[in-house]
Amino acid sequence: MEGDISVTSANRKSAAITGSARKIKDNAADWHNMMLRWDRLNEDGFMAVASIINMRRAQSDQLLLNNSSSPPPSSSPQHVGGASELQDKCLKLQEVVDKMAAVVTKMARLMTSQRGVEDLEAFQFGAEGRKTPLFHSWSTSEFGEISQVLLDSFRQELLLKQTILQEVAHTVTSDLCMVFLSCWLHQPFIPTQSRLRLEALLLETGHRPL
């Protein structure tokens with residue numbers, strides 16, 4: 001995904017639009033920027049989850065070694081963090097998840113803004129809506145439908161992140177740790193279709209050239 005879209009840059013000057021169209025176009029730019037913010041947080045969270053898992057595995061290996069009568073391996077010793085270091089990593093992950101929750105809250109506000117645009121359009125043009133599209137081909141309600149799908153996806157993904165946060169430091173099973181790490185990285189509730197929907201939104205509103 002490309003860099004931030006500014007609503008005060010040339011894309012605003014190139015099309016002197018106002019009213020509902022202006023609001024929808026600004027919302028589209030905000031969706032793009034928030035998804036970029038989410039992706040950066042996801043990378044930070046992945047590093048934190050990986051650190052927690054590696055630390056827990058090292059602690060588990062050390063415990064097995066201490067309980068074993070066999071001599072220690074000749075390879076270089078693995079770093080084993082203490083409880084305070086593990087807590088620091090968990091606090092870092094908590095910070096990331098809290099920031100992700102703030103992003104989803106802002107996405108919900110965008111959805112509220114979009115519903116406001118739809119209510120205004122219904123008041124102005126009746127139940128059938130305007131006769132001509134605001135941009136290229138989409139009806140006003142289609143912007144709301146796309147926004148709702150995106151919001152639902154990120155809400156579900158946030159719930160998954162919160163579950164991983166609660167469980168990852170207490171999990172000793174290697175396979176389950178790998179599941180947590182994979183789920184965090186690949187974000188199953190934000191599939192490729194979500195990215196494509198955003199690109200379609202940016203194309204329709206003129207942020208991307210057709």
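Keep in mind the model is a prediction, meaning the values are calculated, not measured. (Residues numbered from 1 in each chain as written. Predicted model: local features only at pLDDT ≥ 70, side-chain atom pairs only at ≥ 80, totals over all residues. Heavy atoms only, no water.)

**Observations concerning helix α3 (residues 83-125)**
- Along its 43 residues, α3 runs 63 Å from first to last C-alpha, staying within 8% of the 63 Å computed at 1.5 Å per residue.
- One or two steps after α3, the chain reaches Gly126, where phi turns positive at roughly 85 degrees. (Helix = DSSP H or I, 4+ residues; strand = E, 2+ residues; numbered from the N terminus. Expected span 1.5 Å × (residues − 1).)

**Some thoughts on unusual backbone geometry**
- With a phi angle near 50 degrees, Gln187 is a residue other than glycine that sits in the positive phi range.
- With respect to the secondary-structure elements, Gln187 resides in the loop between α5 (174-186) and α6 (192-204).

**Some details on the environment of Leu203**
- Here Leu203 is to be found in helix α6.
- Overall, Leu203 belongs to the partly exposed group, its relative accessible area being 30%.
- As a C-alpha pair, Leu203 and Ala28 span 175 residues in sequence and 9.7 Å in three-dimensional space. (Buried < 20%, exposed > 50% of the residue type's maximum accessible area, 1.4 Å probe, protein only.)

**Some thoughts on the pattern of salt bridges**
- Using the criterion set out here, one finds eight salt bridges in the structure.
- Among the ionic pairs, Asp39 bridges to Arg195, the shortest N-O distance being 3.0 Å. Placement of the pair is Asp39 in helix α2 (residues 19-66) and Arg195 in helix α6, with a sequence separation of 156 residues.
- A residue is classified by how much of its surface remains accessible, and Arg195, at 21% relative accessible area, is partly exposed.
- Here Lys161 ties to Glu157 by a salt bridge, and the two come within 3.3 Å at their closest N and O atoms. A residue pair is termed a helical-turn pair when its members lie 3 or 4 positions apart in one helix, as Lys161 and Glu157 do in helix α4 (residues 140-167) at four residues.
- Given a relative accessible area of 0%, Glu157 falls into the buried group. (Salt bridge = Lys/Arg side-chain N within 4 Å of Asp/Glu carboxyl O.)

The quantities given are spatial measurements derived from coordinates; they are silent on function.
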